[in-house]
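# Breakdown of the fold
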Amino acid sequence: MSTFANTLIEWQKQHGRHSLPWQGTNDPYAIWVAEVMLQQTQVMTVIPYYQRFLEAFPDIECLAEASLDTVLTLWSGLGYYSRGRNLHKAACLIMERFQGRFPRHAAEIAQLPGIGRSTAAAIAAFAYGERCAILDGNVKRVFARYFAVTRYPGEKKTEALLWQKAEGLLPQENAQQQMATYTQALMDLGATVCTRHQPKCLSCPLQPDCIAFAENRVASLPTSKPRKPLPSKETTFLILRNQDEILLEQRSSPGIWGGLWCLPEKPIDIDSQTYCRQCMGIESVPISSLPPLNHTFTHFKLRIHPQLLQVINYSRKKTATEIWLTIDKALQLAIPVPVRKILLELTSSNYF
């Protein structure tokens, strides 16, 4: 076994994380759910969602049989909703193509919706002990510092180099017995020691051979992605009040908030009453404008202007993608975070 792998394995046994709710199992389903939730989301945020999700959907069959709306309701607030949609889609695919049995090899796992090479390798390593390398964001940071890779890790050539390094450092002897521990060690080191800010280099088991540490370049590595200012967009959310109910519309999928229930949205430059009358078949009168709400996506910033209107005449035909309901019931659906914030603001006001 390489010195690198052996060092990490021994470190993980003594100093790594051992009490996370998805640890201590080789159930590929439970591991899969955790790995998907942990994509771009911190551990402490994931834990309650993971526990509720596994309680509601304890196996692949239960997840596949559930409606997408039910899945997204449990996912609501966790963000990056395509992950929830892909989990459901993949569960249905596993039932159809694999007779409900989770694929055993990373190459097969990577073919499922929403699973990339690194996530597939992590699942295969934890569930089956397969000898395969991971390279998530934390691991990229560890390798970029350990080998003093100066180029941005997201570049294709740099990423290919890091994959080569990751594969070359895998345990050689008794790999099947060691892979889960080694994989967890890499994750734990990046999450708790070799952190983005204020890394704990003096506690790092790799410090004696870390080039970035030797050359006092830890703070400057990995090289950050050249960033352009995020573009800004504006929109208006319509809160249409009909007695004690409001209108929600289900967003089309794929797309932003695909499959979630949202307040009707209109372009910022169109009058609300005119839009309601001409585009929605609803006569209304404005009541109040709520304070603007800012929400940041990966690729742009959105400024939302909530506007409350009273419905006075309603000739719109009801469709399967819209629903009138009270705010209390709306808060129980799969809704985006900004919509939840707006509805909670309404419950604390005198508008309803």
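Report on the accompanying structure.

Calculation notes
Residues numbered from 1 in each chain as written. Predicted model: local features only at pLDDT ≥ 70, side-chain atom pairs only at ≥ 80, totals over all residues. Heavy atoms only, no water. Helix = DSSP H or I, 4+ residues; strand = E, 2+ residues; numbered from the N terminus. Areas by Shrake-Rupley, 256 points an atom, 1.4 Å probe, with all protein chains shown as cover. Lys, Arg positive; Asp, Glu negative; His and termini not counted. Charge placed at Lys NZ, Arg CZ, Asp CG, Glu CD. Phe/Tyr/Trp six-rings, centres within 6.5 Å; stacked < 30°, edge-to-face > 60°. Buried < 20%, exposed > 50% of the residue type's maximum accessible area, 1.4 Å probe, protein only. Lys NZ or Arg CZ within 6 Å of the ring centre and 35° of its normal. Contact = heavy atoms within 4.5 Å. Polar contact = N/O pair within 3.5 Å; in protein donor to acceptor, adjacent residues only side chain to side chain. Axes fitted to C-alpha atoms, helices over the stretch in contact; angles between N-to-C directions. Parallel < 35°, antiparallel > 145°, perpendicular 65-115°, else oblique. Nonpolar A, V, L, I, M, F, W, Y, C, P; charged D, E, K, R; others polar.

Within the protein, the regular secondary structure consists of 15 helices and 8 strands. In terms of overall dimensions, the protein has C-alpha extents of about 75 × 50 × 35 Å along its principal axes. Carbon and sulfur atoms provide 49% of the accessible area of the protein, an area that totals close to 18,000 Å². The protein carries 37 positive and 30 negative side-chain charges, and their two centres are separated by 7 Å.

A full pass over the atoms with the stated rule returns 13 aromatic pairs. With centroids separated by 6.0 Å and ring planes inclined at 85°, the aromatic side chains of F53 and W75 adopt a geometry described as edge-to-face. Highlighted residues: F53 in helix α3 (residues 43-56) and W75 in helix α5 (residues 68-75), separated in sequence by 22 residues. Like W75, F53 is buried. Members of the aromatic cluster, joined through ring pairs, are F4, F143, Y146 and F147. One cation-aromatic arrangement involves R52 over Y49; the distance from NZ or CZ to the ring centre is 4.8 Å. The ring of W163 has R117 lying over it, and the distance from NZ or CZ to the ring centre is 3.6 Å.

Let us look at the environment of L309. The residue L309 is located in strand β7 (residues 301-314) in this model. L309 sits in the buried class, given a relative accessible area of 0%. Between the alpha carbons of L309 and S284 there is a distance of 6.1 Å; along the sequence they are 25 residues apart. Residues in contact with L309, not counting those within four places in the same chain, are L238, I239, L240, R241, S272, Q273, S284, V285, P286 and I287.

What follows covers helix α9 (residues 137-146). Along α9, 8 of the 10 residues are buried, which leaves the element largely enclosed by surrounding structure. Among the residues making up α9, those that are buried are V139, K140, R141, V142, F143, A144, R145 and Y146. Where α9 is buried, its residues contact α1 (3-15), α10 (156-168), α11 (175-192) and α12 (211-214). The N-capping residue of α9, defined by a side-chain oxygen 3.2 Å from the backbone nitrogen of N138, is D136.

Our focus in this paragraph is the environment of I211. As for its placement among the helices and strands, I211 is situated in helix α12. A relative accessible area of 32% means that I211 is categorised as partly exposed. For the pair I211 and F147, spaced 64 residues apart in sequence, the C-alpha to C-alpha distance is 5.7 Å. Filtering out sequence-adjacent residues up to four positions away, I211 remains in contact with R145, Y146, F147 and A148.

The linkage connecting L221 with the following residue, P222, adopts the cis geometry, with an omega of -5°. Here P222 shows up in the loop between α12 and β1 (232-242). Even without being a glycine, Q198 presents a positive backbone phi close to 50°. Take Q198: it is sitting in the loop between α11 and α12. A residue is classified by how much of its surface remains accessible, and Q198, at 71% relative accessible area, is exposed. The phi angle at N216 is positive, at roughly 55°, despite the residue not being glycine.

Direction vectors running N to C along α1 and α11 enclose 75°, while the axes themselves pass 8 Å from each other. Comparing their axes, α11 and α1 come out roughly perpendicular. Counting all contacts with α1, which are made through F4, A5, L8, I9, W11, Q12 and K13, the residues of α11 involved are Q178, T181, Y182, Q184, A185, L186, D188, L189 and T192. Residue composition of the contact of α1 with α11, grouped by class: 9 nonpolar, 5 polar and 2 charged.

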